Amino acid sequence: QPPLVESGGGVVQPGGSLTLSCTGPGVNLDYYALGWFRQAPGKEREGVSCISSGGEDTEYADSVKGRFTVSRDSAKNLLYLTMNNLKPEDTAIYYCGAGSYAASCSGRDLELWGQGTLVTVSS
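Residues numbered from 1 in each chain as written. Predicted model: local features only at pLDDT ≥ 70, side-chain atom pairs only at ≥ 80, totals over all residues. Heavy atoms only, no water.

Colleague: Quick question: what am I supposed to make of the state of the cysteines here?
Modeller: Taken as a whole, this structure holds two disulfides when the rule is applied. Covalent S-S linkage joins Cys 22 and Cys 96, the inter-sulfur distance amounting to 2.0 Å. Torsion about the S-S bond of the Cys 22 and Cys 96 cystine: about 65°, corresponding to right-handed handedness. Of this pair, Cys 22 sits in strand S3 (residues 18-23) while Cys 96 is found in strand S9 (residues 92-99), placing the two residues 74 residues apart along the sequence. For the pair formed by Cys 22 and Cys 96, the shared burial category is buried. Shown here is the disulfide that connects Cys 50 with Cys 105, its sulfur atoms set 1.9 Å apart. One disulfide, between Cys 50 and Cys 105, carries an S-S torsion of 95° and so falls in the right-handed class. Of this pair, Cys 50 sits in strand S5 (residues 46-51) while Cys 105 sits in helix H1 (residues 101-106), placing them 55 residues apart in sequence. Assessed through its relative accessible area of 2%, Cys 50 is described here as buried. Looking at Cys 105, the relative accessible area reads 24%, which means it is partly exposed. (Disulfide = S-S within 2.5 Å. Helix = DSSP H or I, 4+ residues; strand = E, 2+ residues; numbered from the N terminus. Buried < 20%, exposed > 50% of the residue type's maximum accessible area, 1.4 Å probe, protein only.)

See below:
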């Protein structure tokens, strides 16, 4: 089983909102910067957002900037991705990853991965 677990995926209408969560059973996420990535069918994996270990720094892909918000809750050992004004092109499997800040933002050399959760944006 992957060390990280994503949840919150589902089917939502265009313009709707959805919040994804990521946690690590047996893993203290405070030790890591964290990132969200997605892969649509037939497409390459792309970075969506990343956040530093203390939450001070965040980055977003241009395609989601202004619509998505990444956050983390140390007390709950949770990473979130709040997605607003969803578009059909947001349809993908969303993954979370943990590692250095550079790794969490680039998707390269991540230490930990989740299994993914499917988000489908359709009317």
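Colleague: In this structure, what is going on with the side chain of Asn 77? I would like to understand it.
Modeller: Here Asn 77 shows up in the loop between strand S7 (68-73) and strand S8 (78-83). At 2.8 Å, the side chain of Asn 77 and the backbone oxygen of Val 27 are in polar contact. Once residues lying within four places of it in the same chain are set aside, the contact partners of Asn 77 are Cys 22, Thr 23, Gly 24, Val 27, Asn 28, Leu 29 and Asp 30. (Polar contact = N/O pair within 3.5 Å; in protein donor to acceptor, adjacent residues only side chain to side chain. Contact = heavy atoms within 4.5 Å.)

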